[in-house]
Amino acid sequence: MKFGFVTILMSALLFGTSWGNYGALTTKPPCRSGFSESFYSVLVSRDILEGQSILKGSTVSSGYVKFNDCQENKAVGYESSDPDFKVRMDGSIYAVREMPRLSEAVQFTVTARRTTDPQTWETTVRLSMEGQDVTLPDEHKSTSMEDETSPTESDLEIENTLLPWKQQPRSSGLKRQKRDWVIPPVNVPENSRGPFPQMLVRIRSDKDKAIQLRYSITGVGADQPPVEIFSIDPVAGKMYVTKPLDREERASYHLRAHAVDMNGNKVENPIDLYIYVIDMNDNRPEFLNQVYNGSVDEGSKPGSHVMKVTANDADDDTTPNGMVRYRILSQSPHSPIPNMFTINSETGDIVTVAAGLDREKVSQYTVIIQATDMEGNLNFGLSNTATAIITVTDVNDNPPELTASTFSGEVPENKVNIVVANLTVVDRDQPHTANWNAVYRIVGGDPSGHFTIRTDPATNDGMVTVIKPVDFEMNRAFMLTVIVSNQAQLANGIQSSFQSTAGVTISVMDSNEAPQFPTNPRLIRFEEGVPAGTALTTFSAADPDRFMPQTIRYSKLSDPANWLKINATSGQITTTAVLDRESSFIKNNIYEATFLAVDNGSPPASGTGTLQIYLIDINDNPPELLPKEAQICENPNANAINITAADADTDPNVGPFIFELPSYPSGVQRNWTITRLTGDYAQLKLSQRIMHLESGVYDVPIIITDSGNPPLSNTTVIKVKVCPCDENRDCMTIGAVAAAGLGTGAIIAILICIIILLTMVLLFVLWMKRREKERQTKQLLIDPEDDVRDNILKYDEEGGGEEDQDYDLSQLQQPESLDHIITKPSGIRRVDERPVGAEPQYPIRPVIPHPGDIGDFINEGLRAADNDPTAPPYDSLLVFDYEGSGSTAGSVSSLNSSSTGDQDYDYLNDWGPRFKKLADMYGGGEEE
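1. Thoughts on the overall build of the protein chain
When helices and strands are counted, the protein chain shows eight helices and 51 strands. Taken as a whole, the protein chain presents about 54,600 Å² of accessible surface, with 52% of it coming from carbon and sulfur.

Below is the structure:
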């Protein structure tokens, strides 16, 4: 049986390699992880035993079966898609169970996977039993079979063609097992310079000799975005790349090749084409940060970790193009040595190299880091730099040191919360940290706890402060022992002492202290009623200043009732009035007064003392009856009055009380009786000997005696109102009034007076409303809307020229002088003039005016106009009272103004054309 063969033709310019007549590769490509073959076909024996190796990493058939991950096959695992076959770590395939006979070929996929990388690789394994017809890919077929002849020109043509599809059965009747071809991946370098398009591979079906075929490719890069990266000649089957590829943008492409006839019918099954982009070193390493900040404790041992820097390279990290290596270019400053740090070339971890880090000398280092790809090859690799700032952190390796062995200070006696001494300290650690903050303690010389030491947060100084008053007479000086340490513990390995010690001398300054009363407040006991001039006690004070003798004088500071006085030199207290326990100045039987003691020091000092006088009660207040007034029904058995007594004294000078009725007047005991209820209460009610007591108010005297020794009595009068009661034993209203002392006649008289008063008020209100109505109904003789004085400036209706508007407006104003009005004879007055004197009081006219009154009013107006030479032509003759509807007054036109007299009206000619007619009438002229 003769097999066809397959060859692959690739562009030597595109890949940088050359291919021989039979596909021998003359130049080794860069290392790429993957299986050595993409398809393995193996003949196995008829019986497959359990655990028997079928295919392992050695020469099998015509190829090498192994996986190369370019990392010496570290941690690579294999998986099989067929559960009957498994793959060992060395790459050998074995059967999981015994299979006596393979009925047909078995094909499955083997997957390789690194444990540290999610990427996977696959290859196909086909197992066939001996004696079965096996179709192998051309790369696994032998070219020296017995029925094969030497190559012809047609064979050379096939060398340039890929025949990936299954072969058709031969006419001899022998059938070949059908299979799908697996095409090895096509490797394409990135960033190729062209020219484009460049051919990658040629595909061809053996059916193209019988019929015309059309080839096409599909997938990402062909008909899916990004489109038109790859193309194919539909007739020749040559596939091209149309532009440079970028591995960092996409590392591989998966295409499918199709073959159809001229009618579009599928001729062959689609085959898979894998195109891998070969990485080129076209990307520099990039640091995640341009500046890295790290820290390391001072005094750290060599090899201490400081920080880590990271640079990423976009190139393939499985090739030297993406393998980054680190190194330190420089360190600043160089103290104590130029190379205090080193960096792991692969991980980027920076560690210390030598000891000697001292923050007090160098607090920060600046280190320049370089990252280079190509595994750090400076000749071929690309580089980038970053800066590492390394801060030397402080540790407590310097204890605080007091600047002196002794300190001194002064403190006034009886003063607190003042600083009496200041302690200074030196610490070379980082300021304002726990390694620098000083803590002061007093370990000796102050057993009573008069002092404490506070730390100044700004300067770290110790401020010795007095918190408990000191007494010069007890201690004239203090010798304190002080130690200082840090807030944080001293670092391990420090040889010096962790604390510093010093002595502090505090001198006490004497000051004038105030006199002090030995017992304050002081309580004394006396009976109340002590007469004025009684010496109660001597209330004196002592001066604590034993080393400066002084005299003390006393005075009264507070005496609310002004009952006491004090001797200025001896302090003796004497009464000036009688002490009364029942006074409002007494609280809880105690009277309180304060006194002042002042010495003669410089400056003088004073102290106060309180004297409390406890007053013992005596029976000096008689009891008082409660209540003072009461009410009772007039029937004897109706009800009773509960009475008690109040006494300003205290026990035993109060109750039980004795309540008695006096024997005089005799009517008291006849009408009233007292019944004792308890020691403090009794009942007062009407006597049973009377059947009825007239309503009224009765003064009932009652004698009350307390239980004092001797007892005191008091006669108190209670006012009892006796009144008739209803069925509920409540006083009725009329009865209560009668009980107040008024008879029935008096009550009726009071009610009549109230009714009369209300009637008078009502009449007065009605009269006021009538007066108001009369004032509202009185109106002017003429409606205010028709008042000519409102329209005196309206001349437009008469026509005329502009000279008609030239008139004197001063006539309309109030004259400044009223002499000509005041000097007018009485009796005749113009009604449009403002009266200058008191207005005359006219009698009230009836609502409907009499016609004669109107006529008199008009005649008066005419006389006033005739006799007034200063009257303007627009005088008040038109001001009339309202005549009402249907007036009986005659026509005004029948009235004639008198023209007699020597009055000269020629001046009317000077008033303009409007008054010419009037001048002719009064001046004697005749009307035309």
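From this point on, the discussion continues.
2. Here's the deal with the confidence of the model for the protein chain
With 72% of its residues at a pLDDT of at least 70, the protein chain reaches an overall mean of 76. Note on residues 166-180: pLDDT under 50 across the span, and 27 contacts to partners over four residues away in sequence or across chains.

3. Observations concerning the sheet that holds strand S49 (residues 681-686)
Note: strands within a sheet are paired through backbone hydrogen bonds, in either parallel or antiparallel orientation. Taking strand neighbours across the sheet as the criterion, the four strands line up as S44-S46-S49-S48 in an open arrangement whose pairing is antiparallel. The sheet terminates laterally at strand S44 (624-626) and strand S48 (672-676), the two strands that pair on one side only. Averaged over all pairs of adjacent strands, the angle between strand axes in this sheet comes to 30°, irrespective of strand direction. Bridging between strand S46 (residues 641-646) and S49 involves four bridges; their strand directions are antiparallel. By the bridge assignment for S49, Ile-641 is matched with Leu-684.

4. Describing the packing of aromatic side chains
Enumeration according to the criterion identifies twelve aromatic pairs in this entry. With a centroid separation of 5.4 Å and 75° between ring planes, the pair formed by Phe-341 and Tyr-365 is classed as edge-to-face. With Phe-341 in strand S24 (residues 341-343) and Tyr-365 in strand S26 (residues 364-372), this pair connects stretches of sequence that are 24 residues apart. An identical accessibility class is assigned to Phe-341 and Tyr-365; each is buried. Taken together, Phe-517, Phe-539, Tyr-554 and Phe-595 form an aromatic cluster joined through their ring pairs.

5. Quick look at a nonpolar patch on the surface
On the surface, a nonpolar cluster with roughly 580 Å² of combined accessible area is contributed by Leu-757, Val-761, Phe-764, Val-765, Trp-767 and Met-768. Along the chain, Val-761 turns up in helix H5 (residues 744-777).

6. Thoughts on unusual backbone geometry
Going from Leu-626 to Pro-627, the amide bond is cis rather than trans, its omega being 0°. A cis geometry characterises the amide bond from Asn-709 onward to Pro-710, with omega recorded as 0°. Mapping Pro-710 onto the fold places it in the loop between strand S50 (696-705) and strand S51 (713-723). At Asn-417, a position not held by glycine, the phi torsion is positive, near 60°.

7. Brief notes about the state of the cysteines
Following the criterion strictly, the structure yields one disulfide and no others. Across the disulfide from Cys-633 sits Cys-725; the S-S distance is 1.7 Å. Handedness here is read from the sign of the S-S torsion; for Cys-633 and Cys-725, about -105°, the answer is left-handed. With Cys-633 in strand S45 (residues 629-633) and Cys-725 in the loop between S51 and helix H4 (733-739), this residue pair connects regions lying 92 residues apart in the sequence.

8. As for the pairing of strand S34 (residues 462-466)
By the criterion of burial, S34 is predominantly enclosed, with four of the five residues buried. Inspection of the sheet shows strand S30 (residues 418-423) paired to S34 by five bridges, in the antiparallel sense. Residue pairing in the sheet places Asn-422 in a bridge with Met-463 of S34. Of the pairings in the sheet, the one linking strand S33 (residues 451-455) to S34 comprises five bridges and is antiparallel in character. Counterpart to Thr-452 in the pairing with S34 is Thr-465. In this antiparallel pair of consecutive strands, S33 and S34, the connection spans six residues, and Asn-460 shows a positive phi of 70°.

9. Some details on the pattern of salt bridges
Taken as a whole, this structure holds eleven salt bridges when the rule is applied. Between Asp-272 and Arg-256 there is a salt bridge, with the nearest N and O atoms lying 3.1 Å from each other. You can see Asp-272 sitting in strand S18 (residues 271-278) and its partner Arg-256 sitting in strand S17 (residues 252-261), a full 16 residues away along the chain. For Asp-272, a relative accessible area of 29% translates into the label partly exposed.

10. Here's the deal with the sheet that holds S24
On the basis of which strands lie adjacent, the open sheet formed by three strands has the order S21-S25-S24 and antiparallel pairing. For this open sheet the edge positions go to strand S21 (305-308) and S24, each flanked by a neighbour on one side alone. Strand after strand, the sheet turns through a mean of 25° between neighbouring axes, direction not considered. As paired elements, S21 and strand S25 (residues 349-352) share three bridges and run antiparallel to each other.

11. Quick look at the side chain of Asn-714
With respect to the helices and strands, the residue Asn-714 is situated in strand S51. A distance of 2.9 Å separates a polar atom in the side chain of Asn-714 from the backbone oxygen of Pro-623. The residues contacting Asn-714, other than those within four sequence positions of it, are Pro-622, Pro-623, Glu-624, Ile-702, Ile-703 and Ile-704.

12. What about the environment of Thr-310?
Tracing the chain through its elements places Thr-310 in the loop between S21 and strand S22 (311-312). Overall, the relative accessible area of 26% leaves Thr-310 in the partly exposed class. As a C-alpha pair, Thr-310 and Asp-349 span 39 residues in sequence and 8.7 Å in three-dimensional space. Not counting the four nearest positions on each side in its chain, Thr-310 is found in contact with Glu-286, Phe-287, Leu-288, Tyr-292 and Tyr-326.

The rules behind each value
Residues numbered from 1 in each chain as written. Predicted model: local features only at pLDDT ≥ 70, side-chain atom pairs only at ≥ 80, totals over all residues. Heavy atoms only, no water. Helix = DSSP H or I, 4+ residues; strand = E, 2+ residues; numbered from the N terminus. Areas by Shrake-Rupley, 256 points an atom, 1.4 Å probe, with all protein chains shown as cover. pLDDT = per-residue confidence, 0-100. Contact = heavy atoms within 4.5 Å. Pairing = 2+ DSSP bridges. Axes fitted to C-alpha atoms, helices over the stretch in contact; angles between N-to-C directions. Phe/Tyr/Trp six-rings, centres within 6.5 Å; stacked < 30°, edge-to-face > 60°. Buried < 20%, exposed > 50% of the residue type's maximum accessible area, 1.4 Å probe, protein only. Patch = residues over 30% accessible without salt bridge, like charges linked within 9 Å, V, L, I, M, F, W, Y side chains within 5 Å. Salt bridge = Lys/Arg side-chain N within 4 Å of Asp/Glu carboxyl O. Disulfide = S-S within 2.5 Å. Polar contact = N/O pair within 3.5 Å; in protein donor to acceptor, adjacent residues only side chain to side chain.

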